[in-house]
Amino acid sequence: MEGPPWTSAPSTPVIKAGWLDKNPPPGSYIYQKRWVRLDSDYLRYFDSDKDAYSKRFIPVSSISRVSGISDQKFEVITHNRTFVFRTESDAERKEWMQALQQAVEEQRVRARLSRANLLEPHCPGIPDRAGSLELRGVKNKLYVVVAGDKVLLYKNLEEYQLGIGITSIDMNVGNVKDSDRRSFDLTTPYRIFSFSAESESEKEEWLEAMQGAIAEALSTMDVAEQIWADAPNRLCADCGATHPDWASINLCLVICKRCAGEHRWLGPSVSKVRSLKMDRKVWTEDLIELFHHLGNEAGKRFWAANVPPSEALHPNSSAGDRRYHLEAKYREGKYRRYHRFFGKQEELDKALCVAVTTTDLEETQALLGCGAAINCFSGDPAAPTPLAVARQAGQRLQMEFLRNNQTTEMPRLDSVSIVEKHYSVVQPTVSHSGFLFKTASVAKPLQERRSREEFSRRWCVLSDGVLSYYENERAVVPNGEIRASEIVCLAIPPPDTHGFDSTFEIYTETERMYLFGLESPDLAREWVKCIAKAFVPIHAEELLCRDFERLGRLSYKAGLSLQRTQEGWFALSGSELRAVFEESPSEETLQLRKLQELSIEGDKEVLVLVERGRTLYIQGERKLDFAGWLGAIQKAAASSGDTLSEQQLGDSDIPVIVYRCIDYITQCGLTSEGIYRKCGQTSKTQRVLENLRRDARSVRLKEGEQHVDDVSSALKRFLRDLPDGLFTRTQRCAWLETAAIENEEEKISRYQELLGLLPPVNRATVKALISHLYCVQCFSETNQMNTHNLAIVFGPTLFQTDGQDYKAGRVVEDLIDHYVRVFSVDEEELRKQREEITAIVKMRVAGSASGTQHAGDFICTVYLEKKATETEQHVKIPASMTAQELTMEILDRRNVRIKEKDYWTCFEVNEREEAERPLHYTEKVLPILHSLGTDSHLVVKKYLSMEAMLMYLASKVGDTKHGMMKFREDRSLLGLGLPTGSFHDRYFMLNGSCLRLFKEVRTQRSWAFSPHTSHKPEKEWPVKSLRIYLGVKKKLRPPTCWGLTVVHETEKHEKQQWYLCCDTQMELREWFATFFLVQHGGTVWPSEPSRVVRPVPESRLGSVSLIPLRGSENEMRRSVAAFTSDLLSAQSPP
């Protein structure tokens, strides 16, 4: 017997077709005229020759005999029924009988051959879904089967088991859509089939199955046929089902659809599941060839070497049996064939590095499956990992296998702990029951409010890790169930989001969302608590100690290595994201309103959270629940109200909206006449304030786009509209009374006391604002805003008095005049402020001279180890930041520990020139950033040559070096008359002041014998004016791979560039080390680099960005001269 219709060839040739009379139904004597069609597999009859769907199909394999009877009739006899047909003549009857008998005989021959082939035993096809449905226009329910790319209709279960059906619907032309609470339509170009299910949940399952059939129908067979060319790959590696059309590309196994679902449940860190028919782009020639070499035959020899017959799977195994078996098989390695080095990590790693140089892929598979580390050190710095060793050996299939397993978590040597298996742990002690109101499950986020009428009352029981819902409390069979092990997220929408006061949402692995509702908040809270206990593992139960809006597990990446995706448990409570990470059993908290960055990478697939000392990448493996997490985290990280404490906050508890405005005005408006006194345009001010209130963290104020008066007005309005005021309602009077104290010492002491009584956010904001106003009044010669004028503007604003109390201005004036003493500002803090303001003005002067202007907060993108999306970090660069401080900032964020002899350095990389320059640890980063072109970027990585350079310098006497190097000009800019197309030998002498170029070797001996020869160099450059880069671009065809690119900037700001090549790597290191030494005063590396860390930003306005000031150069120079005078001696009030 051939397989069911969904396993037959897609287009079987028709043997014979024509009009026949079919025997009448019971109770009738009138024959029915039918269009009958015979192919090698089925006999079908239709109402007409134009119909696409048959009235009946009969498998040829079920026909036991064909015989003629009287009156041009013949009968087709099956195992349980006889079909009678009548022809127009005896000759036509003879033709039909011969065609049928020949088709039956050929079918029997094929069946015998199939049974004789032991490699491909017969196995009946297993449908994706089967059951009874009502079909509009048909009196009785039909038995409907979804299998492969077809939907088949049968009269009942009995006929389905016999193989005799009504019709088969090819889903390559089908489409399904929801039509009613229990109904849905299957639409084809020829007919619309309107089905009705028993319940909404059952309808959703039918829709999902039919949508899968459509996807199957639109797939191609090219890859599948290539993979199936090997006989073992024609049977599922796990259960033996025929024609498996899915695969695990890292395990190199071909599996059926039902097993593929359980492989997905294991997660991509165990099995990466792809379709042979739909994921065409994945299947490269190398991957297909890899499956020919490994595939099911080799995979079963390793992974299923010790499977007891009692535990083996078969095609009809239940989902639970499959999950248990596959978890034991691939996550625990229970049935694997143990390698002789099993338990010996060092021997496994060494053997892996040897195996990848050969063609023995099975050995590599066995070593990795038994615990060999895929990224172990090979012992060769040139090829440090097995992948690099395989690449060096030219083993492309080994490389393909290793690449596919880079993130695979193979069974480890130690026994699997409860923590590692927490996703399958069931909490049998948790039980609860009661009535809940439920809507139909959905596969997409809810965009609209669900009314009470859309909820159905169901009796729900939570027991033994399963939430079952019934029609009523007396029902025995549940309408549906949700297994706790499949729950990935539990969310609680705000009250009155839907028709019930309290609702909660359950998200599952299968991308379904279930919405439940209750009238009582207390009952809803009890249900949420019980469900949470049922699916959260023991090690993460700490998350349940507090209320949450969202709870679940997510994939994340953190730390230096971003190759490995880990699973963590997260709970969102207010503006806090609490988490239990895989590497840390204790709960950690992320303050979302204090994030330095919150961004989305890719197509809403990765959420990046940057806080001081850490960057966290949360990945969305499941689109449905991740979309909810994305919206909830973004909302929690935004400002939630009008008070200061409800705003997005920076490191020092200053609202982001405040320091965004202060930064911008510090950079663009310090010399703007009447700053803060002039009002901006009302509409523009309102627009700026609305954007800042919505998400200040993402707002970038830029000169040319926003005027300083608009921004200053937005800041004043924000402070004036604070519900409790900056100085709080309870303390406002005390501040105003203090202004009347005549004794200065007593007044300052009282101000300090009141400052300490303010809430932390208010206190930090007051200091930042007064620090800023202190800077503004230092430029009063230009901006006409001295302390008194600022006090007139800000007094009524900060105390919300509308000008009715003059003491408000006195308080502000006192705080500015006594800024250093009231806020305990030391000389070092003032020095840093002077440096930052000076840097702003210098960049303005330089920008004016060169005709370039910079705008916007200077947020720099720096990469860790390599330029890639997942390694980028966004850092705000103050004027005082050095290369070492930037390096430590990046390493702190990623929790990178500096080991002994780790020389982490910041590099300037020029992609166009194919060169890079390690920055000296004392270099200021800001000027470098402003000189970078579009082809350049900064990257922090280990400087592998630094140790060799330090050893050379330690043994070197003096700070000079001379020798031959190959030299090439860039477009004859130097005027040396050399051809520009090649490198030429030249002699170079380097000392503490300059670099000299000679045409010939210069020695004492040559001078003595050639007294008339000129000893003047061809060219000489001040060493301080040179920038030395490692590398020469390949387009210039350098004679060696050890080259330097040298850039010289003249006094007229013109750039000259040339190239040098050394004969050996050691020679290159010596030249570069000497350059480094003489350019930076004899120090190359700090004595204790690991201890030099960037200090935590102070609560003042610390790191201002580089945006040029307004005004002429003379005005700015005068302002800076005044500001950089001894500020500590100028604290007495005017």
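First, a word on what this report is: a plain description of the structure on this page. Along each chain, residues carry numbers from 1 onward, in the same order as the chain's sequence is written. Only residues with pLDDT of at least 70 get local features here, since the model is predicted, and only at 80 or more are side-chain atom pairs given and counted; chain-wide, interface and lining totals rely on the full set of residues. The side-chain quantities take in all heavy atoms of the structure and omit both hydrogens and water.

## Comments concerning the pattern of salt bridges
Okay, step 1: In what follows, salt bridge is the name for a side-chain nitrogen of Lys or Arg lying within 4 Å of a carboxyl oxygen of Asp or Glu. This structure, assessed with the given rule, holds 58 salt bridges.
Okay, step 2: Put simply, Arg301 and Glu297 hold a salt bridge, and the shortest N to O gap is 3.6 Å. Placement of the pair is Arg301 and Glu297 together in helix H7 (residues 295–303), with a separation of four residues, close to one helical turn.
Okay, step 3: Judged by its relative accessible area of 46%, Glu297 is partly exposed.
Okay, step 4: One network of salt bridges, with partners in common, ties together Asp21, Lys33, Arg86 and Glu88. Only DSSP runs of H or I covering at least 4 residues are called helices, and only runs of E covering at least 2 are called strands; the numbering of each starts at the N terminus. The rule is simple: take the accessible area with a 1.4 Å probe, protein chains only, and divide by the maximum for that residue type; under 20% is buried, over 50% is exposed, in between is partly exposed.

## Quick look at the environment of Glu835
Okay, step 1: Within the element layout of this structure, Glu835 appears in helix H25 (residues 827–850).
Okay, step 2: Given the relative accessible area of 31%, Glu835 is considered partly exposed.
Okay, step 3: Through-space distance from the C-alpha of Glu835 to that of Pro878 is 9.6 Å; in sequence the pair is 43 residues apart.

## Description of helix H16 (residues 682–695)
Side chains of residues three or four places apart in an α-helix project in the same direction, reflecting 3.6 residues per turn.
Okay, step 1: For H16, with 14 residues, the first-to-last C-alpha span of 20 Å sits near the 20 Å given by 1.5 Å per residue.
Okay, step 2: Within the sequence span of H16, burial applies to Thr685, Val688, Leu689 and Leu692. All buried residues of H16 project into a common sector of 95 degrees when viewed along the axis, lining one side.
Okay, step 3: The inward-facing, buried residues of H16 contact helix H15 (656–668) and helix H17 (708–720). In this scheme, a helix's expected span is set at 1.5 Å multiplied by one less than its residue total. What the arc measures is the spread of directions leading from the helix axis to the C-beta atoms. We call two residues contacting when some pair of their heavy atoms lies within 4.5 Å.

## Describing the pairing of strand E22 (residues 487–491)
Okay, step 1: Here E22 lies mainly inside the structure; five of its five residues are buried.
Okay, step 2: Only strands that DSSP links by at least two bridges are regarded as paired with each other. Strand direction decides the pairing type here: E22 and strand E23 (residues 502–508), joined by four bridges, are antiparallel. Within E23, the residue paired with Leu490 across the bridge is Ile506.
Okay, step 3: As judged from the three bridges shared by E22 and strand E25 (residues 550–558), these two strands associate in the antiparallel manner. Each bridged residue has a counterpart across the sheet, and for Cys489 the counterpart in E25 is Gly552.

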